[in-house]
Amino acid sequence: VSERSPATFPFPSNREVPMPATAILETLNLYGYSVDAVVVNGAASVAGMGRPTFAMNLAARAFVNLAAPDVRVGPERFRGAAAHALAGIGHPERFFDSLTAMGLEVIPHAFPDHHGFGRCDMPAGTVLMTEKDAVKLPRDGGGAATRIWVVTLDFQLPTDFSDAVIDNLRLA
C-alpha cells in the first residue's frame, strides 16, 4: 500500500472502501486496533506512516499446472516462446515484470483487480496466472486447464522484520 495507490480496508460493516495507506492506519486507531509495524509490498518505505516500515518482496517459487497440480516446473520450461500472462490484481505490471525478469517473453493481459475470469478471457496458447487469479477460475479453467500454469509465490521479508516481531512479543 502506498500514498499513490489506494488500498481497500474492510470496515466493521464488511464493506471495502478504497483509501490511502495513512488513512488505513488512522481508521485502525479509530476502531481501537494497534499497529506496531507496516509491511509494504515492493516499496522500501512509505512517508508519513509513523510506524516501522518493512519492504516485502514476492518471488516466483514454481509454475504449477492447473489441470495437474502435481506437475511443477521452473521458468526454463517457458523460455523460448511467448506466453500469455493474465493478471487481475492491483498492480499487474509487477507480475508481468517479474516474469520478464526471469527471462520469459510474455504477452501481458491486464484485467481489473478482482476480475472474475471465464472462458472468454483465455487466449490460445500457454497462459501464466497468479494464484490469486487462478482460484477465481471455473473448475475446468475456462476450458483451458491444461494450458494454464499458476505462478506460486514466496513472500520475502527482511531479517529485521523478524527481529522486530520477536522484540514486540518479548515486550507483550
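Residues numbered from 1 in each chain as written. Predicted model: local features only at pLDDT ≥ 70, side-chain atom pairs only at ≥ 80, totals over all residues. Heavy atoms only, no water.

### A short note on the pairing of strand E7 (residues 106–110)
Rules: Any two strands with at least two DSSP-identified bridges between them are counted as paired. Where helices and strands are cited, they refer to DSSP runs of H or I of at least four residues and of E of at least two residues respectively, numbered from the N terminus.
The pairing of strand E6 (residues 83–87) with E7 spans five bridges and is parallel. The partner of Leu 86 across the bridge, within E7, is His 109.

### Some thoughts on the packing of aromatic side chains
Here is the rule we go by: When two rings of Phe, Tyr or Trp (its six-membered ring) have centres within 6.5 Å they constitute a pair, described as stacked for plane angles under 30 degrees, edge-to-face for angles over 60, and tilted for the intermediate range. Only protein chains enter the accessibility calculation, which uses a 1.4 Å probe; a residue is then buried when its area is under 20% of its type maximum, exposed when over 50%, and partly exposed in between.
Using the criterion set out here, one finds five aromatic pairs in the structure. With a centroid separation of 5.0 Å and an interplanar angle of 45°, the aromatic rings of Phe 63 and Phe 78 are classed as tilted. Remark: Phe 78 occurs in the loop between strand E5 (72–73) and E6 and Phe 63 occurs in strand E4 (residues 53–65); sequence separation between them is 15 residues. Here Phe 63 and Phe 78 have matching classes, each one buried. Measuring from centroid to centroid gives 6.1 Å for Phe 95 and Phe 96, while their planes differ by 55°, and the two rings are tilted. The exposure class of Phe 96 is buried, given its relative accessible area of 9%. Of the aromatic side chains, those joined through ring pairs into one cluster are Phe 63, Phe 78 and Trp 149.

### Overview of the pattern of salt bridges
Under the convention used in this document: One side-chain nitrogen of Lys or Arg within 4 Å of one carboxyl oxygen of Asp or Glu is enough to make a salt bridge.
Summed over all chains, the structure comprises five salt bridges. Between Asp 167 and Arg 170 there is a salt bridge, with the nearest N and O atoms lying 3.5 Å from each other. Taken as a pair, Asp 167 and Arg 170 lie in helix H4 (residues 159–171) at a separation of three residues, close to a single helical turn. Since its relative accessible area comes to 42%, Asp 167 is described here as partly exposed.

### Quick word on helix H2 (residues 92–101)
Because the α-helix completes a turn every 3.6 residues, residues three or four places apart line up on one side. Defined as follows: Along the arc lie the directions from the helix axis toward the C-beta atoms.
Along H2, the residues that are buried comprise Pro 92, Phe 95, Phe 96 and Leu 99. Axial view of H2: buried residues confined to an arc of 95°, hence all on one face. Among the exposed residues of H2, those pointing more than 90 degrees away from its buried face are Asp 97 and Ala 101. With its phi angle positive at about 85°, Gly 103 sits one or two positions after the end of H2.

### Observations regarding the nonpolar core
General note: in soluble globular proteins, nonpolar side chains tend to be found buried as a group. Note the cut-off: Throughout this description, the term nonpolar core refers to a set of buried Ala, Val, Leu, Ile, Met, Phe, Trp, Tyr and Cys residues connected via side-chain atoms within 4.5 Å.
In this structure, Phe 63, Phe 95, Leu 99, Leu 104 and Leu 128 are the most contacted members of the largest nonpolar core, which totals 15 residues. For this core, the secondary-structure elements that each account for two or more residues are E6, H2 and strand E9 (148–156).

### Describing the confidence of the model for the protein chain
Detailed reading of predicted coordinates is not advised where the pLDDT is low. Note the following rule: For every residue, the predictor states its confidence as a pLDDT score lying anywhere from 0 to 100. Note on contacts: a residue pair qualifies if any of its non-hydrogen atoms lie within 4.5 Å across the two residues.
Per-chain confidence: the protein chain averages 81 in pLDDT, with 77% of residues scoring 70 or above. In this model, residues 1–19 is a region of pLDDT below 50 whose contacts with residues beyond four sequence positions or in other chains number 39 contacts.

### Regarding unusual backbone geometry
Residues other than glycine seldom take positive phi values, yet His 114 does so here, at roughly 70°. You can see His 114 is positioned in the loop between E7 and strand E8 (127–130).

### Side note on the environment of Thr 146
Its location among the elements puts Thr 146 in the loop between helix H3 (131–134) and E9. Thr 146 gets classed as exposed once you look at its relative accessible area, which sits at 59%. As for Thr 146 and Ala 67, which are separated by 79 residues in sequence, their C-alpha atoms are 5.0 Å apart.

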